[in-house]
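Residues per chain, in single letters:
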Amino acid sequence: MQSAEAKQRIARISAHLHPSNHQLEEKSILKRAECRAKGGAPGFKVAILGAAGGIGQPLSLLMKMNPLVSVLHLYDVVNTPGVTADISHMDTGAVVKGFLGQQQLENALMGMDLIIIPAGIPRKPGMTRDDLFNINAGIVKTLCEGIAKCCPNAIVNLISNPVNSTVPIAAEVFKKAGTYDPKKLLGVTMLDVVRANTFVAEVLGVDPREVDVPVVGGHAGVTILPLLSQVKPPCSFTAEETEYLTKRIQDGGTEVVQAKAGAGSATLSMAYAAVKFADACLRGLKGDAGIVECAFVSSQVTELPFFACKARLGRAGAEEIYQLGPLNEYERVGLEKAKKELAESIQKGISFIRK
Ligand SMILES: NC(=O)C1=CN([C@@H]2O[C@H](COP(=O)(O)OP(=O)(O)OC[C@H]3O[C@@H](n4cnc5c(N)ncnc54)[C@H](O)[C@@H]3O)[C@@H](O)[C@H]2O)C=CC1
Ligand SMILES: O=C([O-])CC(=O)C(=O)O
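Counting of residues starts from 1 at the beginning of each chain's written sequence and follows it residue by residue. Lettering of chains starts at A and numbering of ligands starts at 1, both following the order in which they are written. Restriction of local features to residues with pLDDT of at least 70 applies here, the model being predicted, together with a cutoff of 80 or more for giving and counting side-chain atom pairs; totals for whole chains, interfaces and linings are based on all residues. Only heavy atoms go into the side-chain values, all of them from the structure, while hydrogens and water stay out.

The protein is annotated in an unreviewed UniProt entry as Malate dehydrogenase from Fraxinus pennsylvanica. Reading the Sequence similarities (unreviewed entry) entry of the UniProt record for the protein gives the comment "Belongs to the LDH/MDH superfamily. MDH type 1 family." UniProt positions are given in the numbering used here, feature names are shortened, and annotations may be inferred rather than shown by experiment.

A. Up close: the site of ligand 2. Every residue near ligand 2 is listed here: Arg123, Arg129, Asn161, Leu191, Arg195, His219, Gly253, Ser265 and Ala266. Between ligand 2 and Arg123 there is a distance of 2.6 Å, counted from an oxygen atom to a side-chain nitrogen or oxygen. Asn161 places a side-chain nitrogen or oxygen 2.8 Å from an oxygen atom of ligand 2. Surface exposure here means Shrake-Rupley accessible area, sampled with a 1.4 Å probe, where a residue is shielded only by the protein chains that are shown. Protein contacts shield 94% of the accessible area of ligand 2, which totals 260 Å² for the unbound molecule. Residues are counted as near a molecule or strand when any one of their heavy atoms sits within 4 Å of it. In protein, a polar contact means a hydrogen-donor-capable atom and an acceptor-capable atom, both N or O and within 3.5 Å, with residues adjacent in sequence counting only if both atoms are side-chain atoms; elsewhere, any N or O pair within 3.5 Å suffices.

B. Highlighting the site of ligand 1. Near ligand 1 there are 29 residues, and of these Gly54, Ile55, Asp76, Ile121 and Asn161 occur at the shortest range. Note that an oxygen atom of ligand 1 is positioned 3.1 Å from one of the side-chain N or O atoms of Asn136. If ligand 1 stood free it would expose 880 Å²; the protein chains cover 86% of that surface. Helix and strand labels come from DSSP, where a helix needs a run of H or I of at least four residues and a strand needs a run of E of at least two; each type is numbered from the N terminus. Residue contributions to the shell around ligand 1 peak at three residues, all from helix H6 (residues 133-150). Amino acids are sorted into nonpolar (Ala, Val, Leu, Ile, Met, Phe, Trp, Tyr, Cys and Pro), charged (Asp, Glu, Lys and Arg) and polar (every other residue, Gly among them). Class assignment for the residues of the shell around ligand 1 results in 18 nonpolar, 10 polar and one charged.

C. View of the pattern of salt bridges. Within this document, salt bridges are pairs made up of a side-chain nitrogen of Lys or Arg and a carboxyl oxygen of Asp or Glu, the two lying within 4 Å of each other. Throughout the structure, instances matching the rule amount to 16 salt bridges. Linking Lys141 and Glu145 is a salt bridge whose minimum nitrogen-to-oxygen distance equals 3.1 Å. Of the two residues, Lys141 and Glu145 are both situated in helix H6; the distance of four residues between them amounts to about one turn of the helix. On the basis of relative accessible area, Glu145 is assigned to the partly exposed category, the value being 38%. Residues participating in the shared-partner salt-bridge network are Glu172, Lys175 and Arg354. Only protein chains enter the accessibility calculation, which uses a 1.4 Å probe; a residue is then buried when its area is under 20% of its type maximum, exposed when over 50%, and partly exposed in between.

D. Quick peek at the UniProt feature "domain: Lactate/malate dehydrogenase C-terminal" (unreviewed entry) in the protein. In this numbering, the UniProt entry assigns the feature "domain: Lactate/malate dehydrogenase C-terminal" (unreviewed entry) to residues 189-352. Regarding residues 189-352, the helix share stands at 48% and the strand share at 17%, and the terminal C-alpha atoms are separated by 22 Å.

E. Broad picture of the packing of helix H8 (residues 190-204) against helix H11 (residues 268-286). Note on geometry: axes are C-alpha line fits, over the in-contact stretch for helices, and angles between N-to-C directions span 0 to 180 degrees. Contact pair H8 / H11: the axes reach a minimum separation of 8 Å and the direction vectors enclose 110°. Classified by the angle between their axes, H8 and H11 sit roughly perpendicular to one another. On the side of H8, the interface is formed by Met190, Leu191 and Val194, while H11 contributes Ser269, Met270, Tyr272, Ala273, Lys276 and Phe277. For the contact of H8 with H11, the residue count by class is seven nonpolar, one polar and one charged. Orientation labels follow simple angle bins: below 35 degrees gives roughly parallel, above 145 gives roughly antiparallel, 65 to 115 gives roughly perpendicular, and whatever is left gives oblique. Any two residues whose heavy atoms approach within 4.5 Å at even a single point are treated as in contact.

F. How the structure looks around the environment of Ser70. The topology assignment puts Ser70 in strand E2 (residues 69-76). Judged by its relative accessible area of 6%, Ser70 falls in the buried class. In sequence terms Ser70 and His89 are 19 residues apart; their C-alpha atoms lie 15 Å from each other.

G. Focus on the UniProt feature "domain: Lactate/malate dehydrogenase N-terminal" (unreviewed entry) in the protein. UniProt's entry tags residues 45-187 with the feature "domain: Lactate/malate dehydrogenase N-terminal" (unreviewed entry), counted in the numbering of this structure. In this annotation, residues 45-187 is assigned 39% helix and 21% strand; the end-to-end C-alpha distance for the span is 19 Å.

H. Here's a closer look at the environment of Leu268. Structurally, the position occupied by Leu268 is in helix H11. With relative accessibility at 60%, the residue Leu268 sits in the exposed group.

I. Region of the structure containing the packing of aromatic side chains. Pairs were defined over the aromatic rings of Phe, Tyr and Trp, the Trp ring being its six-membered one, requiring ring centres within 6.5 Å. Orientation was assigned from the angle between planes: stacked under 30 degrees, edge-to-face over 60, tilted for the rest. In the structure shown here, the tally under the stated rule is two aromatic pairs. Placement of a positive charge over a ring is assigned whenever Lys NZ or Arg CZ falls within 6 Å of the ring centre and within 35 degrees of the normal to the ring plane. Here the basic side chain of Arg248 rests over the ring of Phe199, its NZ or CZ set 3.9 Å away from the ring centre. Against the face of Phe352 rests Lys355, its NZ or CZ located 4.0 Å from the ring centre.

J. Region of interest: the side chain of Arg195. Relative to the helices and strands, Arg195 is located in helix H8. Here Asp and Glu are counted as negative and Lys and Arg as positive; His is not counted, and neither are the chain ends. Despite its burial, Arg195 pairs with no opposite charge; the closest candidate is Asp192, at 4.1 Å N-O. Filtering out sequence-adjacent residues up to four positions away, Arg195 remains in contact with Gly252, Gly253, Val256 and Ala266.

K. Seen up close, the nonpolar core. By size, the foremost hydrophobic cluster in this structure holds 108 residues, and its most contacted members are Leu49, Leu59, Met63 and Ile115. When residues of this core are assigned to their parent elements, the largest contribution, 11 residues, is made by H11. Those residues in contact with Leu49, other than ones at most four positions away along the chain, are Tyr75, Leu105, Leu109, Ile115, Ile116, Ile117, Pro118, Ala119, Leu143 and Ile147. Only buried residues count toward a nonpolar core, which is a set of Ala, Val, Leu, Ile, Met, Phe, Trp, Tyr and Cys residues joined through side-chain atoms within 4.5 Å.

L. Representation of the environment of Arg209 within the structure. Mapped onto the elements, Arg209 comes out in the loop between H8 and strand E7 (215-217). Judged by its relative accessible area of 75%, Arg209 falls in the exposed class. In sequence terms Arg209 and Asn197 are 12 residues apart; their C-alpha atoms lie 7.6 Å from each other.

Put into structure tokens, the structure is as follows:
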């Protein structure tokens, strides 16, 4: 004979496995998250939109391992039941729940503190990031309409390309809904920083963990502007090294697209970079001081409405945007090229919503 308590416990687990029993599952998830929060552990609620994709899966895995996450919602238009069942067996703290298809988007978003968006198609060889605009613009628009409705105060980490246009699209959607907070919308350019640290460390012959390269501008080709004159620890490069490093960092995405030969773009290094950035956002939300990362944000650093620069992350999101600092001649030329392309990509995103 099963005790009433045992029956209840089994019902709770079975509700978790069968999403149709939605209410019971939701209650049980919230209860467990609350218990954990009462125990003193900081717990944030994070949703990943596009969680079943090439980036989404390793990103979900890594976020399930993040001790700052108490609830993890995995949303996609395909395959979330399998990914959720798989990841939910990991014996880490976060409670995982899957959401499948547009009709479950609102439930996926409700009450979230941080939304990470890697939804959308990736490049194939020969394509630019801008070639993804026609499909990904609509996807980002729909997802941001959901965010405006269900979790307008959440911080949004936008990964879907072309980031130089999708961030302006998201901003316009939020403005239209009356929920836009520029501090909370962050285009993820962390992979450019991760690559820059790696390639610079190779040239210097040091551990990449010791290197910090600011990368500003945007996230496509010449708009990616590594500031090699501001590398920490301070160092100098020959003109050839500067040219090689700048090009390699700008073309890092294309290097992976070509190596994958039609099977997509960077997914694993991107998941790593996305988690590094999301973790910084969560630490900022928690109130940790002195967290500074590069991101594509609303800024007055140049005449453009958006620009990737160093931002201090805090409880309100990107609380302070830093000036570019002194640039050398090579970087000043690069900045002008970057701004020209960025202006067009930003305008394209804005027009997509205002048209
Ligand atoms: N910001 C950055 O540094 C980087 C951005 N990316 C971009 O990230 C995006 C995703 O790349 P991958 O994961 O490799 O692509 P993928 O095709 O492997 O995965 C994308 C996922 O999005 C899902 N999806 C499509 N429409 C959706 C919708 N309306 N709602 C929710 N999910 C939806 C798909 O079902 C799929 O599971 C691409 O646009 C890619 O260019 C990729 C690497 C770096
Ligand atoms: O290159 C791509 O299409 C994907 C991407 O943004 C990157 O790897 O930086």
